[in-house]
Structures are given as structure tokens and as C-alpha cells.
Amino acid sequence: MTDERYAIADTSQMLSPSLVIFRDLVESNLAEMVRIAGSPARLRPHCKTHKMREVIELELARGITRHKCATIAEAEMLAQAGVRDIFWAYNPVGPNIRRVVRFLEKYPQVKLAVTGDDARPIAMLAEELAAVQPVVDDRLAAPSTERDWPVVDDGAKHGSVEVLLDIDCGQHRTGRPVGPAARLLYQQIARMKGVTPGGLHLYDGHNHQKDVSERRAAVHAIWQSAAKFRDELLADGLPVPRIVAGGTASFPIFAAIDDPAIELSPGTIVFHDWGYGVSFPDLNFSVAALVFTRVISRPADDRVTLDLGYKAVASDPPAGSRVLFPALPGAEAVLQNEEHLVLKTPEASRFQPGDELWGMPRHICPTSALHKEVYVVSGGRLIGTWAVASRDRVLTV
Ligand SMILES: Cc1ncc(COP(=O)(O)O)c(C=O)c1O
């Protein structure tokens, strides 16, 4: 690797294929994230990109106390790292409802929030939670129809989980569009015992316009309708304590909006990746995670085969564009199997089995989850390994 930032004193004992985290670059990405946000208090970064406790500890050290996750295992990892304010940005359904209760029993010090976009599973969660709350309302005994969830009429909430109403702002993945149905649902949440309305979740993963002024216009349009909707809820007398908004591409735009309810939730930027680097030239983050691979064969004069199959680097980008090799920019990835990647390159004769190559994953988030642990480099030296702690679906609850 010619880029000095990725120089390592000795790679001879490093296993391949592996994922290598450059801690100093992670630190500079975090510093840039906080700078853009204006304050660590405005951030709620998503941990799904890395799933590593040590990264959370770096964020906590920077004063970032609010965190976001996609699975209960990630929530548990956050709790174990000392996070006390966790937003599980996912709709609990099925046995996961019971897991929320178990999570709170195990981590009573954690303030947990979840998303919701449908009255039935939210009511099921509310009932489970109300059943374990110390103050019991008689009306809880007979929950019945969809329109008659157990309610409190005095606003008293006892150790409640907060439910953020998931707003579909254009991605059409989850959520409700702002409007009367969403407003009614928020009112219903406010009336359920066991849960509390926690605000709005506004994830705009479709706002990936390369042109930053186009992206800005799209984000502002979303924000205007969400803020108007928030004002309607406030006029209903309902609390809207926060609006968790944005990913890597949009959080700088949300950050420039002066509204104390906004919490910014980028994820990928902690490690960044080749894909986002190409897509968002306006962002000033460094790729802080590389894959390390070795040549295992030279099956033809113009071919180099690496030990970098799709069990070591994410395969959701199209075949042929899953990893960039800065040392071989013109190489064409012609075949990838579980444990093999075949490159076609006129420079093949430069390589022998055992030679090392560094690659930039196009999509780092699923790549992290393919590795049980990662190497960590700082100051040009290998300083240890970090476990990808929440790559497992279940930790203990
Ligand atoms: C709900 C939610 N919030 C935040 C993020 C972070 O977005 P990004 O990875 O673009 O930073 C994601 C990414 O998938 C997400 O699904």
C-alpha cells in the first residue's frame, strides 16, 4: 500500500483474509463527525457498521452518550460497553417483544427506546411491559380489541420503554408517512400503559444524491413535513422529545438545521468505505477498515487468485465491484466464490503465491459482520484485535 496512513511495520504473522481497522483513522472520522454535529450531544451514531464494543468506547470517550442499533444483540453490546441511552431502531415483533422485557430486566440502568409503525405489535410490547411494571392498572387485566388497548388516562408512565414513531420519508422500507394515520397511531401510543411516545424516527436511506445541493433540497423537504407533523403532535398535547434523523449522507444537512429535537444517526462513517467515498465526494472521511488478502494462485498469465471470497468481503454490491485494490486499480474481478477472488490484470506476472494485497471494501457494514475479530493498527503497528461482538444474533437475552 503506497498510502502512508495504511503502512504497517510487520504483516508477516497476520492471517488472511482478515479485516484490519486503522484506529487513528477511526479517531479522525469520529472527530469529524462531532465537528459536523457541533456537539457530541447532538449525535446518536448507529453501531451496525462495526458491531464492536471498542468503537463504542472510543465514542463514549468523546462524550457521545446516545447510541442507535439494529438488533437486540447490538443493544446488549452497547449496554455492556456502558451505554445508558439506547435506541433500538427496529420494530419489535414475535419473540423479540419478550426479549425487550428480558433486556430491561438484565440492564435496568438502560433507558431503551424502540421504533413502531403498527398498533398491534406496539400494544403487545406495551402489555408485556405493563405486566412487569410495579404499578398495575386494573384495566390491564382485559386487553381486547385493536381499538381498546390498555390505557392510562393520567399520563403516568412507570419505567416505560419509549416508542419512536417510524416515519416513512420516502425509502418505503418501514414506517408510516406523516398524516392522519400516523397522528392517530402516536395518540394511541400515548394512551398505552407500558410505553411512552418517544418522538419520531426519520431515516432517509434513499437520500444518496451525489450532488450535494440536490441532496440538501431532498432532506429539507423531508424535514419540513416532519417538523410540521411534530408541531401537530405537540398541539395535541403529546411529547415529542426527539427526532432521530439521517445517515452518513444526510446527517451534515440535518446538522445544519437548528432544532434541539434533532439527534443525528450516521453509521457508516466510523469506518467509511469505498462505496460512500465515491458516492459522496462532499464528505471528508477516511476509509478506516481494509481487507488484507494474499495471492494463493496464478492460474493463468493474466490472472491472480486471492483468498478473498465473499465469506470475507460483502457480496451485496454487484460482482466485479465489491473491493478496490489501490495497488492494482485496473484489475478486473472476474470470479468470486466463497473463499476465492480471481482478478484479471496485465500486471499478474508481478505477483507470486504468498504476496499480500490490501483492498477497500465497497460496503463495509456487512463486511464487518463476516469477521469474528479484526486486527487493529495504530501508529503503524498492529496493537491487537477487537471482537466483532454483536455479529451474533443473540448474546445473552
Ligand atoms: C435506521 C438506520 N439509521 C441509520 C443508518 C446509518 O446510515 P449510514 O450507514 O448511511 O450512515 C442506517 C443504515 O443502514 C439505518 O438503517
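Before any of the text, the structure's been laid out above.
Let me begin by describing the structure that accompanies this report. (Residues numbered from 1 in each chain as written. Predicted model: local features only at pLDDT ≥ 70, side-chain atom pairs only at ≥ 80, totals over all residues.)

Comments concerning the overall build of the chain
Then, in step 1: In terms of regular secondary structure, the chain is built from 10 helices and 16 strands.
Then, in step 2: Residues counted as buried form 45% of the 397 residues belonging to the chain.
Then, in step 3: Restricting the contact set of the chain to residue pairs at least 6 apart, pairs at least 24 apart contribute 68%. (Helix = DSSP H or I, 4+ residues; strand = E, 2+ residues; numbered from the N terminus. Buried ≥ 20, exposed ≤ 12 C-beta atoms within 10 Å, placed from the backbone. Contact = placed C-beta atoms within 7 Å.)

Section: the site of the ligand
Then, in step 1: By nearness alone, every residue bordering the ligand is listed as H46, A89, Y203, G205, G247, T248, A249, S265, P266, G267, T268 and I269.
Then, in step 2: Here the shell around the ligand is built from residues that sort into 5 nonpolar, 7 polar and no charged. (Near = placed C-beta within 6 Å. Nonpolar A, V, L, I, M, F, W, Y, C, P; charged D, E, K, R; others polar.)

Describing the nonpolar core
Then, in step 1: Counting residues in each nonpolar core, the largest one holds 113 residues, and the members touching the most others are V20, I21, W88, L202 and A226.
Then, in step 2: Every residue in contact with W88, bar those within four places of it in the chain, is listed here: C69, I72, A75, L112 and V114. (Core = buried A, V, L, I, M, F, W, Y, C linked by C-beta atoms within 7 Å.)

Some thoughts on the sheet that holds strand β4 (residues 111-116)
Then, in step 1: Reading across from one edge, β2-β3-β4-β5-β6-β7-β8 is the order of the 7 strands in this open sheet, with parallel pairing throughout. With one partner strand each, in any of the chains shown, β2 (66-69) and β8 (262-264) form the two edges of the open sheet. Averaged over all pairs of adjacent strands, the angle between strand axes in this sheet comes to 30°, irrespective of strand direction.
Then, in step 2: Bridge analysis of β2 against strand β3 (residues 85-88) gives 4 bridges, and the strand direction is parallel. Opposite H67, over in β3, you have I86 as the bridge partner.
Then, in step 3: Lying on the sheet, helix α6 (residues 180-191) is in contact with β4, β5 (161-166) and β6 (195-202); it crosses β5 at an angle near 175°. (Pairing = 2+ DSSP bridges. Axes fitted to C-alpha atoms, helices over the stretch in contact; angles between N-to-C directions.)

Side note on the pairing of strand β16 (residues 381-387)
Then, in step 1: Pairing geometry for strand β15 (residues 373-378) and β16, over 6 bridges, is antiparallel. Among the inter-strand pairings, V374 is bridged to a residue of β16, identified as W386.
Then, in step 2: Between the end of β15 and the start of β16, which pair antiparallel, lie 2 residues, with G379 showing a positive phi angle near 60°.

Re helix α2 (residues 53-61)
Then, in step 1: When α2 is considered as a whole, its buried residues turn out to be V55, I56 and E59. Buried residues in α2, looked at end-on, bunch into an arc of 100°, giving them a common side.
Then, in step 2: At its buried positions, α2 is contacted by α1 (23-37), β2 and α3 (72-80). (Arc of directions from axis to C-beta.)

With respect to the packing of α3 against helix α4 (residues 95-106)
Then, in step 1: Where α3 contacts α4, the axes come no closer than 11 Å and their chain directions differ by 10°. Relative to α4, the element α3 lies roughly parallel. Residues I72, A75 and E76 of α3 form the contact with α4, whose own contacting residues are N96, R99 and F103.
Then, in step 2: In the contact of α3 with α4, the residues fall into 3 nonpolar, 1 polar and 2 charged. (Parallel < 35°, antiparallel > 145°, perpendicular 65-115°, else oblique.)

Some details on the environment of F325
Then, in step 1: Structurally, the position occupied by F325 is in the loop between β11 (323-324) and β12 (332-336).
Then, in step 2: Under the C-beta neighbour-count criterion, F325 is labelled buried, with 22 such atoms within 10 Å.
Then, in step 3: Put simply, F325 and D355 are 30 residues apart on the chain and 14 Å apart in space, counted from C-alpha to C-alpha.
Then, in step 4: Once you skip the residues sitting within four places of it in the chain, F325 turns out to touch A331, L357 and G359.

Any link to function would need more than the numbers given here.
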